[in-house]
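An overview of the molecular structure
Residues per chain, in single letters:
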Amino acid sequence: MPSTLVKICGLSTAETLTAAVRAGADYVGLVHFEKSPRHLSLTEAARLRQLVPPQVKVVVLVVNPSPATLAEALREVRPDVVQFHGQETPEALARFRSDTGVEAWRAMGVRDAESLAEAARFHRAADLLLFDAPASGLPGGNGTRFDWSLLGAYKSPTPWGLAGGLTPANVADAIRLTGAPLVDTSSGVESAPGVKDVDKIAAFCKAAQSA
Ligand SMILES: O=C(O)c1ccccc1NCC(=O)[C@H](O)[C@H](O)COP(=O)(O)O
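The structure displayed is predicted, hence computed values, not measured ones.

1. Digging into the environment of Pro134
- For Pro134, the position within the fold is in the loop between strand S6 (128-132) and strand S7 (160-163).
- Sequence separation between Pro134 and Ser115 is 19 residues; the distance between their C-alpha atoms is 9.7 Å.

2. Focus: the site of the ligand
- Taken together, 27 residues lie near the ligand, and Ser36, Gly140, Gly141, Ser186 and Ser187 sit nearest.
- The class makeup of the residues in the shell around the ligand is 10 nonpolar, 14 polar and three charged.

3. Some words on the confidence of the model for the protein
- On average, residues of the protein score 95 in pLDDT, and 99% of them reach the 70 mark or higher.
- Scored as a complex, the prediction yields pTM 0.95 and ipTM 0.96.

4. What to know about the packing of helix H6 (residues 171-178) against helix H7 (residues 198-209)
- Taken N-terminus to C-terminus, the directions of H6 and H7 make an angle of 30°; their axes are 8 Å apart at the nearest point. Between H6 and H7, the angle is such that the two are roughly parallel. In this structure, H6 crosses over H7, and the sense of that crossing is right-handed. Contacts between H6 and H7 pair Val171, Ala172 and Ile175 from the former with Phe204, Ala207 and Ala208 from the latter.
- Tallied by class, the residues present in the contact of H6 with H7 amount to six nonpolar, no polar and no charged.

Reading the values: rules and limits
Residues numbered from 1 in each chain as written. Predicted model: local features only at pLDDT ≥ 70, side-chain atom pairs only at ≥ 80, totals over all residues. Helix = DSSP H or I, 4+ residues; strand = E, 2+ residues; numbered from the N terminus. Near = placed C-beta within 6 Å. Nonpolar A, V, L, I, M, F, W, Y, C, P; charged D, E, K, R; others polar. pLDDT = per-residue confidence, 0-100. Axes fitted to C-alpha atoms, helices over the stretch in contact; angles between N-to-C directions. Parallel < 35°, antiparallel > 145°, perpendicular 65-115°, else oblique. Left-handed = near helix turned anticlockwise from the far one by under 90°. Contact = placed C-beta atoms within 7 Å.

Take a look at the structure:
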């Protein structure tokens, strides 16, 4: 079975970004959302982007961005993926992909089995569905998990990933229970909101890669 892909999200310093790359992360996430403790201006995100080698993909996170912000993010940061965390519609995502050729991921808050049925609306519009806990304080990055057993028998024509409250201690169980092809963490590798911990990043990658 191929090993689970790993995304470390909400990186905001050169040291922690480099630690994620060194630990073998497949994706690194840069948050552009002013209310977040992990927010980066597009200039800061562009600077960090230059430290990422080609085998690691750069994901920029946005929440209901204006067309001008989205265009600027693509121009400045040149991400491989844009992860949408707001109320973006399937039509908007499909248009984004065909206009730009950049991958579009859609985060979906999972409350119950209905949430997975709702996600089906994005099957032809998104490159990947990221199942996360429902939004609480922030649209994402709250460190809370949902009932993973909802994904136990999940089959999807669209690639998908698991996020929400994943830590070095629980990620292996999460992978075993859900069969997630990709796992994503932010709060679980921090020492305080927005402060990434290089040892936790290494431990998370190791636990996910050996699950
Ligand atoms: O991290 C943020 O502050 C954030 C702000 C606005 C939208 C999304 C945000 N983060 C998303 C993620 O970091 C992850 O994709 C995911 O939600 C996992 O977060 P966590 O539960 O903290 O591991």
